[in-house]
Each structure stands twice: as structure tokens, then as C-alpha cells.
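So the chains spell out like this:
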Amino acid sequence: MRSKPNILVTGTPGTGKTTTSAAVAEATTLRHINIGDLVRDKKLHDGWDDQLECYVINEDLVCDELEEMMEEGGNIVDHHGCDFFPERWFDRVVVLQTENSVLYDRLSKRYPEETVVAMKSDSIDDMNRNVATITEWVRSWRPAA
């Protein structure tokens, strides 16, 4: 039986998962585990994806690496997804959400301004318009000279 809880902090990029997790870890003495860093540092991946510019996570290796730590408890895990972690590992799952305008501003700081585009996606009609807009952008895209 664990003497300290395990927490998963998840959310889309730019919601503050790493910042929040690090602050909670400092305030509570929980161990902060950033899955991206763990995958890179321990080589728990199946190689690099040039298109997505990230490692291809080997979920089995990640789970094997974390198993003992998670059983001991006292961890705050920071990752954008949650579907491959065993449900029994977590006593609390925190889903960080950010207003779209704030998220847009944060992502605009990470990427060139012309790269970030806000699109409403509340309905099927919105999604269909987005598909059409993105498809048109793909068809007209040319590599930078």
C-alpha cells in the first residue's frame, strides 16, 4: 500500500503541465516525472519521428520503467496523454485546461507567428470548415526558399 499518492497531470501542449507539476512537486515533496524527459533520458523510445520532431514513445518500456516507482507512490507524472498508463497507478488525474486566447498566446511564443492559427471547433460544421481550410492550405503550401 502506498504511503503517498500518485497524480497524473495532463492537458494539451501549452496548458502548463510541466510548470504546474514542478511547483506541486516542490510544495509537496512528490517526485516530478516528465514523461518526455524520461523517454529521452532513458531511451524509452523506438526512434525519432522527423515529421513530428519527437521520439516515438515505447509505451511498454515507459510502463516497465515506472512500475516500481508508481507502486511506491509519491509521484506527479506530467504527460499530454493518459491512455497507456494503468488506471491503478493514479489517485488523482488533473486535466489542465486553458482559455483559447491564452493558449494561442503561449503557442505563438513557441512557434513563428504565421505557424499558429486559431480555428473554432465547437460543431461538426466548424470541423468540416476546418478540414476544408487546412486541406486548401496543404494544397497551396510551398517549402520556404
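The structure we're discussing is the one just above.
Because the structure is a prediction, the values reported are computed rather than measured.

Peer 1: Just checking my understanding: could you explain the environment of Met70 for this structure?
Peer 2: Position of Met70 among the secondary structure elements: in helix α3 (residues 59-72). On a C-alpha basis, the gap between Met70 and Ser3 in space is 11 Å, while along the polypeptide they are 67 residues apart. Contacts of Met70, omitting those with residues within four sequence positions, involve Arg2, Asn6, Asn75, Val77, Trp89 and Phe90.

Peer 1: Just to check I follow, could you spell out the environment of Leu61 for this structure?
Peer 2: By the secondary structure assignment, Leu61 is in helix α3. For Leu61, a relative accessible area of 35% gives the class partly exposed. A C-alpha to C-alpha distance of 9.0 Å links Leu61 and Lys43, two positions 18 residues apart in sequence. Apart from residues no more than four positions distant in its own chain, Leu61 is found in contact with Leu44 and His45.

Peer 1: Please clarify how the sheet that holds strand β5 (residues 75-78) should be interpreted in this entry.
Peer 2: Strand pairing in a sheet takes place through backbone hydrogen bonds and is either antiparallel or parallel in direction. As summarised here, the arrangement of the four strands in space is β2-β5-β1-β6, forming an open sheet in which the pairing is parallel. Each edge of the open sheet is held by one strand with a lone partner, namely β2 (31-34) and β6 (92-95). Pairwise comparison of adjacent strand axes, ignoring direction, gives a mean angle of 20° for this sheet. Bridge count between β2 and β5: four bridges; the pairing is parallel. Directly across from Arg31, in β5, lies its bridge partner Asn75. Where helix α2 (residues 35-42) meets the sheet, it contacts β2 and β5, and its direction lies at approximately 70° from that of β2. Across the face of the sheet, α3 comes into contact with β1 (6-10), β2 and β5 while running at roughly 150° to β2.

Peer 1: Which parts of the structure should I look at to understand the packing of aromatic side chains?
Peer 2: For any pair of aromatic rings, geometry is given as the distance between the ring centres together with the angle between the planes. In total, this model carries five aromatic pairs according to the counting rule given. Between Phe84 and Phe85, the ring centres sit 4.4 Å apart and the planes meet at 35°, which makes this aromatic pair tilted. By the burial criterion, Phe84 is buried, and Phe85 matches it. Geometrically, the ring pair formed by Phe85 and Trp89 is tilted, given 6.1 Å between the ring centres and 40° between the ring planes. The buried category is assigned to Phe85, whose relative accessible area is 6%. Among the aromatic residues, ring-to-ring pairing joins Phe84, Phe85, Trp89 and Phe90 into one connected group.

Peer 1: Help me out: how do you make sense of the pattern of salt bridges in this one?
Peer 2: When charged atoms on two side chains of opposite charge get close, those side chains can pair. In total, this model carries eight salt bridges according to the counting rule given. Across the salt bridge formed by Arg31 and Glu72, the nearest N and O atoms sit 4.0 Å from each other. Taken together, the residues Arg31 in strand β2 and Glu72 in helix α3 connect sequence positions 41 residues apart. Accessibility expressed as a relative area gives 34% for Arg31, which makes it partly exposed. Taking the shortest distance from any N to any O, the salt bridge between Glu67 and Arg88 comes out at 3.2 Å. In this pair, Glu67 is assigned in helix α3 and Arg88 in the loop between β5 and β6, connecting sequence segments 21 residues apart. A relative accessible area of 28% places Glu67 in the partly exposed class. Here Arg88 falls in the partly exposed class, since its relative accessible area comes to 47%. Each of Asp37, Arg40 and Asp41 takes part in one network of salt bridges that share partners.

Conventions we followed
- Residues numbered from 1 in each chain as written.
- Predicted model: local features only at pLDDT ≥ 70, side-chain atom pairs only at ≥ 80, totals over all residues.
- Heavy atoms only, no water.
- Helix = DSSP H or I, 4+ residues; strand = E, 2+ residues; numbered from the N terminus.
- Contact = heavy atoms within 4.5 Å.
- Buried < 20%, exposed > 50% of the residue type's maximum accessible area, 1.4 Å probe, protein only.
- Pairing = 2+ DSSP bridges.
- Axes fitted to C-alpha atoms, helices over the stretch in contact; angles between N-to-C directions.
- Phe/Tyr/Trp six-rings, centres within 6.5 Å; stacked < 30°, edge-to-face > 60°.
- Salt bridge = Lys/Arg side-chain N within 4 Å of Asp/Glu carboxyl O.

Remember, this is a structural readout, not a statement about activity or role.
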